[in-house]
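Below, each chain spelled out in residue letters.
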Amino acid sequence: MRLQFPSGVAGAGSRTRRPDPGPVAQPRGFLEKKMAIPRLRHAVRTLFEVLAALRPLSRACSTFHAFTDVLRLPKRQMTKLVFPLRELERQLTPDSRLDLHVKIFDPSLEDISKAEAVFTATSRNRISYLSSAVRLDHAPDLPSPEVCFIGRSNVGKSSLIKALFSLAPEVEVRVSKKPGHTKKMNFFKVGKYFTLVDMPGYGYRAPEDFVDMVETYLKERRNLMRTFLLVDSVVGIQKTDSIAIEMCEEFALPYVMVLTKIDKSSKGHLLKQVLQIQKFVDRETQGCFPQLFPVSSVTYSGIHLLRCFIANITGNLKTDGL
């Protein structure tokens, strides 16, 4: 029943009616607001559904710092995260799988879990930035084993080191979007276990004294156990990388090739690059460790295996995998 208001008195005992004005007028914007509420509820519901769907991907990309989280994953996903080279091997035919050296360093999951303790900051295992140096005689004189990371500017070196130290969040590793950010040798002390050195990048915006700084360090640093040479997996070995490789070979340095940014390529492109680099290592190098280490600082793929390898070669973890 539609409500009607009195129209007033026209004469004794008589009433007149005003024309029906139709539906009661609502305040301006009222209907728009009433209609918008269901749409808003639907949008919020959709947003929560999208966030729920993205949550596993987000975890895979950002929270698997600790190996205990990795062990809870389904086996296939865990293998992909811990052993990315094995995942690439699955795409090869049985005859061509020998082209990749997948199991030269083949630690157990238990070994990888033990290695986490080396990289986890505690009151007894202090992990910290120590100092920087532009010359070897300015470098800290430490008895512990040492490893260094070198690579082309913008190869993702600082990002990789930051990922390795993700279990020690108080360690400040500066990461810049501009290539050539690192200008000095930066020393990080990992408890009583070893020292990690972040070297300046070569190529674009390299320090003017890069050659003297790096060559002297590589030739004369007595406690240097292994050099990690980083190569961008998206573009492969570049001319400047070849020069760095020649330097390692000339100095008879034991070194390892780490392939960065594996999250940036399709599986097909990544496999092609990895096979080309593996062929180069097999045919053109003497001092390079035969097995490649593909890694991603974004998804943490390969990071746990690399931690375990570093713990092993610095004498802090004995494994059956090497």
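Our focus in this paragraph is the environment of Phe 251. With respect to the helices and strands, the residue Phe 251 is situated in the loop between α8 (239–250) and β8 (255–260). Between the C-alpha atoms of Phe 251 and Lys 219, which are 32 residues apart in sequence, the distance is 6.5 Å. Once residues lying within four places of it in the same chain are set aside, the contact partners of Phe 251 are Glu 215, Leu 218 and Lys 219.

Residues at a pLDDT of 70 or more form 75% of the protein chain, whose mean pLDDT is 82. Note on residues 50–63: pLDDT is under 50 here. Beyond four places in sequence and across chains, it has nine contacts.

Another aspect to go through is the pattern of salt bridges. Two side chains carrying opposite charge are able to pair once their charged atoms lie near each other. Applying the stated criterion across every chain, the model contains 10 salt bridges. Ionic pairing is found between Asp 106 and Arg 86, a salt bridge with its closest N-O pair at 2.4 Å. Highlighted residues: Asp 106 in the loop between α4 (84–89) and α5 (109–119) and Arg 86 in helix α4, separated in sequence by 20 residues. Classification of Asp 106 by relative accessible area gives partly exposed; the value is 26%. Since its relative accessible area comes to 22%, Arg 86 is described here as partly exposed. The salt bridge involving Lys 267 is made with Glu 87; its shortest N-O contact spans 4.0 Å. In this pair, Lys 267 sits in helix α9 (residues 267–284) while Glu 87 sits in helix α4, placing the two residues 180 residues apart along the sequence. Taken together, the shared-partner salt bridges connect Arg 76, Glu 87 and Lys 267 into one network.

Conventions and cut-offs
Residues numbered from 1 in each chain as written. Predicted model: local features only at pLDDT ≥ 70, side-chain atom pairs only at ≥ 80, totals over all residues. Heavy atoms only, no water. Helix = DSSP H or I, 4+ residues; strand = E, 2+ residues; numbered from the N terminus. Contact = heavy atoms within 4.5 Å. pLDDT = per-residue confidence, 0-100. Salt bridge = Lys/Arg side-chain N within 4 Å of Asp/Glu carboxyl O. Buried < 20%, exposed > 50% of the residue type's maximum accessible area, 1.4 Å probe, protein only.

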